[in-house]
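Descriptive structure summary
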Amino acid sequence: MQAYLFVHFKEKRTPDGEQVYFGVSKDGFNWEEVNDGNPVLWSYYGDKGVRDFTITRTKEGKFFILATDLSLSYGMLNQYQHSWDKISRNGSKCLVLWESDDLIHWSEQRMIKLGDEDFGCLWAPDLIYDKKNDDYVIHWSSSHSSNNNGEKGIYYSRTKDFVNFTEAKVLYQKEDSGVIDSAMYEEDGNYYLFLKSEKNPARIILMESENITGPFEKIEEFDNSMESLQSGEYEAPTAVKLEDGRWCLFLDFYGCSAEEQGYVPFIAEKMSTGRFIRSDKSFTFPYGYKHGTILTITMEEYESLKAYKKMPSEY
């Protein structure tokens, strides 16, 4: 049997919210907190806050977490002067990385500089293994000096060892709007890329390609699945393949007060159909999970995480 780990942060106005939290589930629908709902990892470098997590298990069995290097609790009042534009242009050119052999003991935080001075802030990384190249593709959203830090695009870098990284290249740009919050999955040899389109439409969209770096074609049927959702109120798509072969897509709803924010689930028989059915009544969370990624884990790993407790002195 497989279980599930959700790596996320909390929508709080204090610095402890923008740290690494774990949630676990036996079925992908009913979620439980880890470490009594306290952070598992804490950011001490860069902006001293982390958001928008992705996690992967490598073919060698190691685990890597990557995150946006950003603290609104510290920075919005301080270096960014209440300006999202300043964050977008002047935010961190690094992603934050931790690694582990067992999901319990983690390395010291590392700062991975994937953007040069032509890039704005690097947002919302995602990871996927490329079987053809036997390496890992890291992709994220960013503004860029090539269009005066206007509409954001999706960029990518490759790595085999999470130490050496290739120069960033464009993965996808949308002609009529910015795109952010990319999440990619493989099914039957094809690659599926979820994106938050900032306009035209201001909704989540789904793209498909035979190659991990594109070119990508839009799946129109997915638009039909999303047309009943309010525009501009969902972000941070993340999906997981359930044990029965179905896909569960989670979208982060933010069209409400911060304390009410959280993920909404959608179910599809196959990713390729683009037909996702909203399934609110079939899931529970202990509190609002914010922008994260789900990893399938073993029942043994689930039990270890459920028993995990970290003392304040251990941070």
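Note that the structure is predicted; figures quoted are calculated from it, not measured. (Residues numbered from 1 in each chain as written. Predicted model: local features only at pLDDT ≥ 70, side-chain atom pairs only at ≥ 80, totals over all residues. Heavy atoms only, no water.)

1. Side note on empty space enclosed by the protein
A complete count under the given rule lists one cavity of 30 Å³ or more for this structure. Space inside the largest cavity adds up to approximately 80 Å³. Lining the largest cavity we find 15 residues, and of these P125, S182, P237, H291 and T293 sit closest to its centre. Elements supplying a minimum of two residues to the lining of the largest cavity: strand 4 (50-57), strand 8 (123-130), strand 12 (179-187), strand 16 (234-241) and strand 20 (290-298). Broken down by element, the residue count for the lining of the largest cavity peaks at four residues, all from strand 12. (1 Å grid on protein atoms, 1.4 Å probe; cavity = no way out; pocket = protein on both sides within 12 Å on 5 of 7 lines; lining within 4 Å. Points joined across faces, edges and corners; volume = space filled by probe spheres on them. Helix = DSSP H or I, 4+ residues; strand = E, 2+ residues; numbered from the N terminus.)

2. Section: the state of the cysteines
A full pass over the atoms with the stated rule returns zero disulfides. Residue C94 stays outside any disulfide, its sulfur separated by 10 Å from that of C121, the closest cysteine. Given a relative accessible area of 17%, C94 falls into the buried group. (Disulfide = S-S within 2.5 Å. Buried < 20%, exposed > 50% of the residue type's maximum accessible area, 1.4 Å probe, protein only.)

3. Quick notes on the side chain of K310
Topologically, K310 is positioned in the segment after helix 4 (299-306). Looking at K310, the relative accessible area reads 17%, which means it is buried. In this structure the side chain of K310 is engaged in a polar contact, spanning 2.9 Å, whose partner is the backbone oxygen of V40. (Polar contact = N/O pair within 3.5 Å; in protein donor to acceptor, adjacent residues only side chain to side chain.)

4. Digging into helix 4
Of all the positions in helix 4, only M299, E301, Y302 and L305 are classed as buried. Down the axis of helix 4, the buried side of the element spans an arc of 155 degrees, and every buried residue falls inside it. Of the surrounding elements, those touching the buried residues of helix 4 are strand 1 (2-9), strand 2 (21-25), strand 3 (31-33), strand 4, strand 5 (63-69) and strand 20. (Arc of directions from axis to C-beta. Contact = heavy atoms within 4.5 Å.)

5. Focus: the sheet that holds strand 14 (residues 204-209)
What links the strands of a sheet is backbone hydrogen bonding, and the strands pair in either a parallel or an antiparallel sense. Read from one edge to the other, the open sheet built from four strands follows the order 12-13-14-15, with strand pairing classed as antiparallel. Each of the sheet's edge strands pairs with one partner strand only, and the pair in question is strand 12 and strand 15 (217-218). The pairing of strand 13 (residues 190-197) with strand 14 spans six bridges and is classified as antiparallel. Each bridged residue has a counterpart across the sheet, and for Y192 the counterpart in strand 14 is E208. (Pairing = 2+ DSSP bridges.)

6. Some words on the pattern of salt bridges
Across all of its chains, the model carries 25 salt bridges by this definition. A salt bridge links K290 to E235; the shortest N-O distance between them is 2.9 Å. Of this pair, K290 sits in strand 20 while E235 sits in strand 16, placing them 55 residues apart in sequence. This pair shows no difference in class: K290 is buried, exactly as E235 is. In this structure, R246 engages D244 in a salt bridge whose closest nitrogen and oxygen atoms are separated by 2.9 Å. (Salt bridge = Lys/Arg side-chain N within 4 Å of Asp/Glu carboxyl O.)

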